[in-house]
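These are the residues of each chain, in order.
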Amino acid sequence: MKIDFTLNGEQREIDVTPMSRLLDVLRCDFELTGSKEGCGEGECGACTVFVDGKAVNSCLIPVAQMQGREVRTVESLASNEMLSDVQQALIKFGGTQCGICTPGIAMMASAALEAEPNASRARMRELMAGNLCRCTGYQLIIDAVISAAEARRRHG
Amino acid sequence: MLRLQPFELVQPESIGEVLQLLSTHAEHVRIISGGTDLVPNLKLGSIKGDVLVSLQRVDELKNLKEADTQLVIGAGVSLHTIATSKLVQGTVPVLADAVGKIASPQIRNMGTLGGNLCLDTRCRYINQSEFIRSSFGGCLKSDGDRCHVVPGGSLCVAALSSDSVPVLIALGADVDIIGPEGERTIPVEELYTKDGVAHIALSSDEVVVRARVPIPAAQTRITYRKWAVRKSIDFPLVSVAVRIDHIKGSPDILEDGRVVVGVLGPQPKILRLSSLQGQPINEEMAHKVAGIVSRRCTPLANVPYSEDYRKLRLAVEVKRAIRSLFI
């Protein structure tokens, strides 16, 4: 079946089998391999993308449901070859090690900063609770996100 | 890696079309909304569906409003909306709290109230790949004829792991169901049967359309406690909602109350506290209620962690719940 949807700001049309998952189509058909498959059942958050502005697990979405929707992936965070503030903070603080969870973390952190720019450290941990990281122990990830939040407040 | 088996997905835009599709496809049809419970189960093959009827475009299921003394929540309202809505937080805060404890932020963005009400039952013998299930010959719920949790048992005891259901029952909520014959309303507790294989008491051509949640009166206090291994992205292994109604004008004397315990089997267990009417709401009552719950509830080996531990833990959670309701 043919579906069309907005992908990272561009209108795209693609022929899919209805049972393909959004994650498969992003990675295999559009070659947007930033989104990762960790667990494949919604537990790890490595496949996090935005659908109509909301962070969701793309491994759980039959792609047919994306007809007419607006999808954004981690590839859209950087603009003009410049990483976003969240991505830069993750690098600066060492909030990334093996890197598998990092795209999901960067997406969820971006969503969390949009939704609650003044979140406390404890609240930020809750907002990020759908993303597993087996390397960092989370401390440096949260440090990075909190620092990005502070920088946004400083620069308005 | 497990792959999804082929299926057809249809996306109706009205309840009428949904009902028509459900009756046309009858046997092999499944309803999908957020898909957060269904898709993993389809991958495991513990659920089979050739045709998925998606509710995502049915806007009439997405209303959330206050009507008289009720909160009316459409089955398609997302769990995130319920957990963060000022209306829900202001009128039935315990529901916002319990729903906010479901899974993860991403899953709450996707999952819906209808999906959480109709969550499939869980068991360590079912939530496995087909390969592992075949190694012990399947079970009552998956291609077999025996129960491994209760040897000799004839009814599946897989557990209902919804975080919203115990709270909705404690609140005395109803659900509206629509089918070919029209709409009917039943108390939430009547939505569940004793059989974990077919634990939702609906026929295949019926759909839950909304929940009607009474806004608690001033003398009603309710809390929900969930224990899981992780603080996030986990189903409860022990869950309990406790409701205490005090006598008008005497906030420390019990008029009535109930305890609703989840994750025991396919049906939540409801324990009424009318025998404690007139007694003071204090530490002694917390111990008495924990005693009643311990005597009447038997955790099984259907979900992880030992039954003995979960039984002790349940009593502890009941005590903590009641203490949190002291004024």
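Treat the numbers as computed from the prediction; the structure is a model and nothing was measured.

(A) Up close: the nonpolar core. Core analysis: the largest hydrophobic core is formed by 41 residues, its most contacted members being B:Leu95, B:Leu117, B:Val175, B:Val188, B:Leu191 and B:Val213. Breaking this core down by element, the ones donating at least two residues are strand 5 (70–74), helix 3 (79–84), helix 5 (93–100), helix 7 (113–117), helix 9 (164–171), strand 6 (174–179), strand 8 (207–214) and strand 9 (220–227) of chain B. Sort the elements by how many residues they give to this core and helix 9 of chain B lands first, with 6 residues. With sequence-adjacent residues up to four places away left out, B:Leu117 is seen in contact with B:Val165, B:Leu168, B:Val175, B:Val188, B:Leu191, B:Tyr192, B:Ile200 and B:Val208. Counting residues in each nonpolar core, the second largest holds 32 residues, with A:Ile3, A:Leu23, A:Phe30 and B:Ile47 among its members.

(B) Seen up close, the sheet that holds strand 2 (residues 10–15) of chain A. Residues and elements named next belong to chain A. Strand order in the open sheet formed by 5 strands is 2-1-5-3-4, with mixed pairing between adjacent strands. Where the open sheet ends on each side, the last strands, each with one partner, are strand 2 and strand 4 (54–57). When the angles between neighbouring strand axes are averaged without regard to direction, this sheet yields 40 degrees. Direction of pairing for strand 3 (residues 48–51) relative to strand 5 (residues 70–72): antiparallel, over a ladder of 2 bridges. When the sheet's bridge partners are listed, Phe 50 is paired in strand 5 with Arg 72. Sitting on the sheet, helix 1 (residues 22–29) touches strand 1 (2–7), strand 2, strand 3 and strand 5, and the angle it makes with strand 3 is about 105 degrees. Lying on the sheet, helix 3 (residues 102–115) is in contact with strand 3, strand 4 and strand 5; it crosses strand 3 at an angle near 40 degrees.

(C) How the structure looks around the domain arrangement of chain B. All names here are of chain B. Domain parsing of chain B yields domain 1 (59–118 + 159–214) and domain 2 (220–324). Distance between the C-alpha centres of domain 1 and domain 2: 21 Å. Summed over both partners, the interface of domain 1 with domain 2 buries about 2,000 Å², with 62% contributed by carbon and sulfur atoms. Considering only the surface of domain 1 that becomes buried against domain 2, Ala 159, Pro 166 and Ala 170 emerge as the three largest contributors, covering 25% of it. There are 1 salt bridge connecting domain 1 and domain 2. Of the charged contacts in the structure, one is a salt bridge between Lys 226 and Asp 163, with a shortest N-O distance of 3.0 Å. In this assembly, domain 1 and domain 2 are joined by 9 residue pairs in polar contact (both at pLDDT 80 or more). Among the elements that line the side of domain 1 that touches domain 2, the one with the most residues is helix 9, at 6 residues. Tallied by class, the residues present in the side of domain 1 that touches domain 2 amount to 13 nonpolar, 7 polar and 6 charged.

(D) Region of the structure containing the pattern of salt bridges. All told, the structure shown has 26 salt bridges over all chains when counted by the stated rule. The residue A:Glu10 makes a salt bridge to A:Arg12 at a minimum N-O spacing of 3.9 Å. For the salt bridge of A:Glu114 with A:Arg152, the shortest nitrogen-to-oxygen distance reads 3.7 Å. Of this pair, A:Glu114 sits in helix 3 while A:Arg152 sits in helix 5 (residues 139–154), and the two are 38 residues apart along the sequence. Owing to a relative accessible area of 62%, A:Glu114 belongs among the exposed residues under this scheme. Among the ionic contacts, a cluster of salt bridges with common partners joins A:Arg21, A:Asp24, A:Glu37 and B:Lys43.

(E) Looking closely at the packing of aromatic side chains. All names here are of chain B. Per the stated rule, a full pass over the model turns up 5 aromatic pairs over all chains. When the ring of Tyr 125 is compared with that of Phe 136, the centres are 5.2 Å apart and the planes differ by 90 degrees; the resulting orientation is edge-to-face. Of the two residues, Tyr 125 sits in the loop between helix 7 and helix 8 (130–135) while Phe 136 sits in the loop between helix 8 and helix 9, which places them 11 residues apart along the sequence. Under the relative-accessibility criterion, Tyr 125 is labelled partly exposed at 25%.

Reading the values: rules and limits
- Residues numbered from 1 in each chain as written.
- Chains lettered and ligands numbered in written order.
- Predicted model: local features only at pLDDT ≥ 70, side-chain atom pairs only at ≥ 80, totals over all residues.
- Heavy atoms only, no water.
- Core = buried A, V, L, I, M, F, W, Y, C linked by side-chain atoms within 4.5 Å.
- Buried < 20%, exposed > 50% of the residue type's maximum accessible area, 1.4 Å probe, protein only.
- Helix = DSSP H or I, 4+ residues; strand = E, 2+ residues; numbered from the N terminus.
- Contact = heavy atoms within 4.5 Å.
- Pairing = 2+ DSSP bridges.
- Axes fitted to C-alpha atoms, helices over the stretch in contact; angles between N-to-C directions.
- Domains from an automatic or database assignment.
- Buried area = accessible area lost by both parts, 1.4 Å probe.
- Salt bridge = Lys/Arg side-chain N within 4 Å of Asp/Glu carboxyl O.
- Polar contact = N/O pair within 3.5 Å; in protein donor to acceptor, adjacent residues only side chain to side chain.
- Nonpolar A, V, L, I, M, F, W, Y, C, P; charged D, E, K, R; others polar.
- Phe/Tyr/Trp six-rings, centres within 6.5 Å; stacked < 30°, edge-to-face > 60°.

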